[in-house]
Amino acid sequence: MNTTQRVRFVLKPAVFLAALVPFGLAIAGIFNVAGQSLGANPAEALLEHFGIWGLRFLLLGLAVTPLRKLTGLVWITRFRRMIGLFGAFYVGLHFTVYLVLDQGLALGPILEDIVKRPYITVGFAAVLILLAMTVTSTAGARRRLGKRWQQIHYGAYAAGILGVWHFWWQVKKDITEPLVYALILSVLLGARLAWRLKRGATRRACAPGVA
């Protein structure tokens with residue numbers, strides 16, 4: 001079995017199943033299966049659970065390119081789309097729990113929250129970006145959109161920043177956990193910036209007429 005077959009038939013199914021584990025734990029908590037419980041406030045527990053996992057998958061998606069550059073394993077990039085879609089999936093569940101269980105689909109309070117509560121404003125912006133990326137994630141959409149597709153999917157950086165920002169503003173006292181995610185995001189984006197600057201310097205050095 002070559003690398004392509006191993007990725008397609010072994011690693012991708014394994015990663016897919018592993019990515020479903022947080023969803024399975026949430027379902028187990030809802031039905032009190034295998035000792036899992038959502039506690040006294042199920043809506044808040046689900047909000048936190050899906051939100052945290054959505055952010056983790058967004059950061060993991062942003063880590064794919066740095067890992068490829070550091071390890072030289074090109075096949076890692078084949079997981080980026082799946083990881084990104086799972087990030088959008090968990091963020092979507094986080095937003096759905098907010099809409100249905102927390103706000104009871106009351107449009108007025110929801111709009112008021114989006115306008116007047118900054119951490120919800122930035123979170124909603126991240127949801128919109130991820131929605132645009134999700135609906136254009138197919139190969140057909142990529143062909144139709146051309147260069148615009150890449151511009152839309154650069155939104156992964158903005159979604160990561162907004163997700164960390166949303167988490168940071170939501171926490172009222174102990175900022176240790178959002179600080180950890182902010183540091184991880186800073187490293188991932190900083191590495192990309194450093195590589196881009198290095199690539200630009202190399203191109204300028206190799207340009208005709210440059211001594």
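Residues numbered from 1 in each chain as written. Predicted model: local features only at pLDDT ≥ 70, side-chain atom pairs only at ≥ 80, totals over all residues. Heavy atoms only, no water.

Thoughts on helix α3 (residues 42-71)
Link 1 in the chain: If you check α3, its first and last C-alpha atoms are 41 Å apart, about what 30 residues at 1.5 Å a residue would give, namely 44 Å.
Link 2 in the chain: Taken as a whole, α3 carries its principal kink of about 35° at Ala-63; the proline Pro-66 stands between one and four residues after it.
Link 3 in the chain: One or two residues past the end of α3 sits Gly-72, with phi positive at roughly 75°. (Helix = DSSP H or I, 4+ residues; strand = E, 2+ residues; numbered from the N terminus. Expected span 1.5 Å × (residues − 1). Bend = angle between axes of the 7 residues up to and from the residue.)

Examining the packing of aromatic side chains
Two aromatic rings, taken as a pair, are described by how far apart their centres are and by the angle between their planes.
Link 1 in the chain: This model, assessed by the stated rule, comprises 15 aromatic pairs.
Link 2 in the chain: Each ring, one from Trp-75 and one from Phe-79, has its centre 6.1 Å from the other, and the planes form 70°; the classification is edge-to-face.
Link 3 in the chain: In this structure Phe-79 comes out as buried when scored by relative accessible area, which is 7%.
Link 4 in the chain: By the ring-pair criterion, three or more aromatic residues cluster together here, those being Phe-16, Phe-23, Phe-50, Trp-53, Phe-57, Phe-86, Phe-89 and Tyr-90. (Phe/Tyr/Trp six-rings, centres within 6.5 Å; stacked < 30°, edge-to-face > 60°. Buried < 20%, exposed > 50% of the residue type's maximum accessible area, 1.4 Å probe, protein only.)

Notes on a negative patch on the surface
Link 1 in the chain: Together, Glu-44, Glu-48, Asp-102, Asp-174 and Glu-177 give the surface a local cluster of negative charge.
Link 2 in the chain: Inspection of the secondary structure puts Glu-177 in helix α10 (residues 176-206). (Patch = residues over 30% accessible without salt bridge, like charges linked within 9 Å, V, L, I, M, F, W, Y side chains within 5 Å. Areas by Shrake-Rupley, 256 points an atom, 1.4 Å probe, with all protein chains shown as cover. Salt bridge = Lys/Arg side-chain N within 4 Å of Asp/Glu carboxyl O. Lys, Arg positive; Asp, Glu negative; His and termini not counted. Charge placed at Lys NZ, Arg CZ, Asp CG, Glu CD.)

So, the pattern of salt bridges
In a structure, side chains of opposite charge can pair up when their charged atoms sit close to one another.
Link 1 in the chain: Applying the stated criterion across every chain yields a total of two salt bridges.
Link 2 in the chain: Measuring nitrogen to oxygen at the nearest pair gives 3.3 Å for the salt bridge that ties Arg-117 to Asp-113.
Link 3 in the chain: Judged by its relative accessible area of 9%, Asp-113 falls in the buried class.

Quick look at helix α1 (residues 3-19)
Link 1 in the chain: Along its length, α1 reaches its greatest deviation from straightness, about 35°, at Leu-11, and the proline Pro-13 lies no more than four positions downstream.
Link 2 in the chain: Its side-chain oxygen placed 3.2 Å from the backbone nitrogen of Thr-4, Asn-2 serves as the N-cap of α1. (Polar contact = N/O pair within 3.5 Å; in protein donor to acceptor, adjacent residues only side chain to side chain.)

Section: a nonpolar patch on the surface
Link 1 in the chain: Judged by side-chain polarity, Ile-161, Trp-165, Trp-168, Trp-169, Ile-175, Leu-179 and Leu-183 come together as a nonpolar surface patch covering roughly 620 Å² of accessible area.
Link 2 in the chain: Considering every element that reaches the nonpolar patch, the biggest residue donor is helix α9 (residues 155-170), with four residues.
Link 3 in the chain: Here Trp-169 is to be found in helix α9.

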